[in-house]
Amino acid sequence: MVTNSVRPELGESLVAYLEDLQESGLDGIPAAFAAPGLSDESARKTAPAGQDAVNKVPVAPLSANKPETLEQIRKNLGDCQRCKLGATRKNLVFGVGNPKARLVFVGEGPGADEDEKGEPFVGDAGRMLNRIITAMEIKREDVYICNVVKCRPPQNRNPEGDEIAACSPFLLRQLRSVRPEVIVAPGKFASQTLLDTKEPISKLRGKFRDFHGVPLMPTYHPSYLLRTGGNSDSFWDVWGDMVQVLQLLKLPVPEKSRKK
Ligand code: URA
């Protein structure tokens, strides 16, 4: 039994989470409780004072043996008010797709359409993402799609550090549950946040990076492709990135040629 008598400020949700982990037989916890970046290392560096004891517990890799189910994680989020986005959102956007997907897309955060429907990537950017997924000859329902933050930031501003910190443990738990073989991070914000770097997306994209032991491919955001056009250099850069993803997954690479 995990009690919060020593650390009451950690709150009910953390205690429930630790209990869930205990019940599922997991012997480690993610360190990124309060980190703006989601790397375990950055979590250790930026964890609030007094959290050292938590961070000394071995960190569960993304490939933890007995992961929680997505339903358990969603239940634990509840009517989440852990950050200020809870007060302004219409719907919490948890994630959608195959709970055992080999490929996961992690975007920035919900926009207006996603907030309305409670599903990630359903607006214009979503249609562009669907186009990319279709070009890869895979189905949207076969991948898993989620975001760095689960609630829409007002006026579509970038999520702030405290919002990312509140949401990041849940994203890590989702990724541990799905256990993808490859993660794609569309856009500067998701790529820089997940990799805890300020490197520009133009430099990040096109090369696999490590995210908790899983290869992560940074690429341009579908919204950016909407601005540059469906036959732009950027569009074909993204296609090149997706070809690498397909190759890593040992899936057939469809033949595509650029229209002049
Ligand atoms: N952009 C994102 O990054 N995520 C969404 O869910 C929608 C648009």
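The shown structure was predicted, so the numbers you read here are calculated from the model rather than taken from an experiment.

Participant: Help me out: how do you make sense of helix H12 (residues 233-248) in this one?
Facilitator: Note on helix geometry: an α-helix contains 3.6 residues per turn, so any two residues three or four positions apart are oriented the same way. Here H12 spans 23 Å end to end across 16 residues, near enough to the 22 Å set by a 1.5 Å rise per residue. Taken together, the buried positions of H12 are Ser234, Phe235, Val238, Trp239, Asp241, Met242, Val243, Val245 and Leu246. Tucked into the core, H12 has its buried residues touching strand S2 (103-107), helix H7 (124-135), strand S4 (182-186), strand S6 (214-219) and helix H11 (222-228).

Participant: Could you clarify how one ought to interpret the sheet that holds strand S5 (residues 209-211) in this entry?
Facilitator: Strand-to-strand pairing in sheets goes through backbone hydrogen bonds, with the strands running parallel or antiparallel. Taking strand neighbours across the sheet as the criterion, the 6 strands line up as S1-S3-S2-S4-S6-S5 in an open arrangement whose pairing is mixed. Two strands bound the open sheet, and with one partner strand each, they are strand S1 (96-97) and S5. Pairing of S2 with S4 involves 3 bridges; the strand directions are parallel. Residue pairing for S4: Leu103 is matched across the bridge by Val182.

Participant: Would you mind going over the layout of surface pockets with me for this structure?
Facilitator: As a volume, the largest pocket reaches approximately 830 Å³. Of all the secondary structure elements, the ones that give two or more residues to the lining of the largest pocket are helix H6 (112-117), H7, helix H8 (161-178), helix H9 (188-195) and H11. Top element by residues in the lining of the largest pocket is H9. It accounts for 4 residues. Of the residues assigned to the lining of the largest pocket, the class counts are 12 nonpolar, 15 polar and 9 charged.

Definitions and limits used
Residues numbered from 1 in each chain as written. Predicted model: local features only at pLDDT ≥ 70, side-chain atom pairs only at ≥ 80, totals over all residues. Heavy atoms only, no water. Helix = DSSP H or I, 4+ residues; strand = E, 2+ residues; numbered from the N terminus. Expected span 1.5 Å × (residues − 1). Buried < 20%, exposed > 50% of the residue type's maximum accessible area, 1.4 Å probe, protein only. Contact = heavy atoms within 4.5 Å. Pairing = 2+ DSSP bridges. 1 Å grid on protein atoms, 1.4 Å probe; cavity = no way out; pocket = protein on both sides within 12 Å on 5 of 7 lines; lining within 4 Å. Points joined across faces, edges and corners; volume = space filled by probe spheres on them. Nonpolar A, V, L, I, M, F, W, Y, C, P; charged D, E, K, R; others polar.

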